[in-house]
Amino acid sequence: MNLPTIIICVILVIIICIGIRSTKKRATSGCCGGNETIKKVRVKDKNKDHYPYKTVLKVYDIHCQNCVRTIENAFNSLEGFYAKVNTEDNTVTILSKQQHPTDELINMLSNVGYTSKEL
């Protein structure tokens, strides 16, 4: 074997080890920040009749209950929003008391680390 081949093999072995370690870490500690459970933010006004505007977004990176809480908390921590994630079809239904552009809601999800689009 020549030197360039050895170097390439060593780099590949390092990359494989990092990948295995990362996968092992996710399997044991979850995908969203380890063993800690993210505390759920409770909505003060749970009467859905008070929220005349409804937007449903497809969310692409939902992997666990911490993902669900992070997404819901991004909206439920703000006045005038009520959000609920559906893990069966990876959507979030956002109810609001005032109309908000869809791009603004998508940006809010992007700011907490999730990719989404309007259905």
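Residues numbered from 1 in each chain as written. Predicted model: local features only at pLDDT ≥ 70, side-chain atom pairs only at ≥ 80, totals over all residues. Heavy atoms only, no water.

Colleague: An account of the sheet that holds strand β3 (residues 91-96) is requested, with residue identities and associated values reported.
Modeller: Sheet architecture is open: four strands sit in the order β2-β3-β1-β4, paired in antiparallel fashion. With partners counted over all chains shown, the strands left at the sheet margins are β2 (81-86) and β4 (116-118), one partner each. For this sheet, the mean angle separating the axes of adjacent strands, direction not counted, is 25 degrees. Both strand β1 (residues 53-59) and β4 contribute to a ladder of three bridges, which runs antiparallel. Across the sheet, Val59 pairs through a bridge with Ser116, a residue of β4. Contacts from helix α3 (residues 102-111) reach β1, β2, β3 and β4, with the element oriented near 45 degrees to β1. (Pairing = 2+ DSSP bridges. Helix = DSSP H or I, 4+ residues; strand = E, 2+ residues; numbered from the N terminus. Axes fitted to C-alpha atoms, helices over the stretch in contact; angles between N-to-C directions. Contact = heavy atoms within 4.5 Å.)

Colleague: Before we move on, can you summarise α3 with the specific residues and values?
Modeller: Of all the positions in α3, only Thr102, Leu105, Met108 and Leu109 are classed as buried. Take α3 and look down its axis: the buried residues cluster within an arc of 120 degrees, on one side only. Away from the buried face of α3 by more than 90 degrees, exposed residues Asp103 and Asn111 are located. Packing partners of the buried residues in α3 comprise β1, α2 (65-76), β2, β3 and β4. (Buried < 20%, exposed > 50% of the residue type's maximum accessible area, 1.4 Å probe, protein only. Arc of directions from axis to C-beta.)

Colleague: Any details on the packing of aromatic side chains? Residues and values, ideally.
Modeller: Under the defined criterion, the tally for this structure stands at two aromatic pairs. Aromatic side chains Tyr51 and Tyr82 sit 5.8 Å apart centroid to centroid with 55 degrees between the ring planes, which places their arrangement in the tilted category. Remark: Tyr82 occurs in strand β2 and Tyr51 occurs in the loop between α1 (3-29) and β1; sequence separation between them is 31 residues. By relative accessible area, which is 15% here, Tyr82 ends up buried. Centre to centre, the rings of Phe75 and Phe81 are 5.8 Å apart; their planes meet at 55 degrees, and the pair counts as tilted. There is no split in this pair, since Phe75 and Phe81 are both buried. Positioned above the aromatic ring of Tyr51, the side-chain terminus of Lys97 is 5.3 Å from the ring centre. (Phe/Tyr/Trp six-rings, centres within 6.5 Å; stacked < 30°, edge-to-face > 60°. Lys NZ or Arg CZ within 6 Å of the ring centre and 35° of its normal.)

Colleague: Break down the pairing of β1 for me, citing the residues and quoting the values.
Modeller: In the sheet, β1 pairs with β3 via six bridges, with the strands oriented antiparallel. Counted as the bridge partner of Leu57 is Val92 from β3.

Colleague: Tell me about the packing of α2 against α3, and name the residues and values.
Modeller: Any two packed helices are characterised by how steeply their axes cross, that is the angle between the axes, and by the distance between the axes. It is the contact of α2 with α3, at a shortest axis distance of 10 Å, that shows an interaxial angle of 130 degrees. Relative to α3, the element α2 lies oblique. In the crossing of α2 with α3, the sense of the turn from one axis to the other is right-handed. Seen from α2, the contacting residues are Ile71, Ala74 and Phe75; seen from α3, they are Leu105, Met108 and Leu109. Here the contact of α2 with α3 is composed, by residue class, of six nonpolar, no polar and no charged. (Parallel < 35°, antiparallel > 145°, perpendicular 65-115°, else oblique. Left-handed = near helix turned anticlockwise from the far one by under 90°. Nonpolar A, V, L, I, M, F, W, Y, C, P; charged D, E, K, R; others polar.)

Colleague: Which residues make up unusual backbone geometry, and what values do they have?
Modeller: Of note in this structure, Asn90 is not a glycine but carries a positive phi near 50 degrees. Note that Asn90 resides in the loop between β2 and β3.

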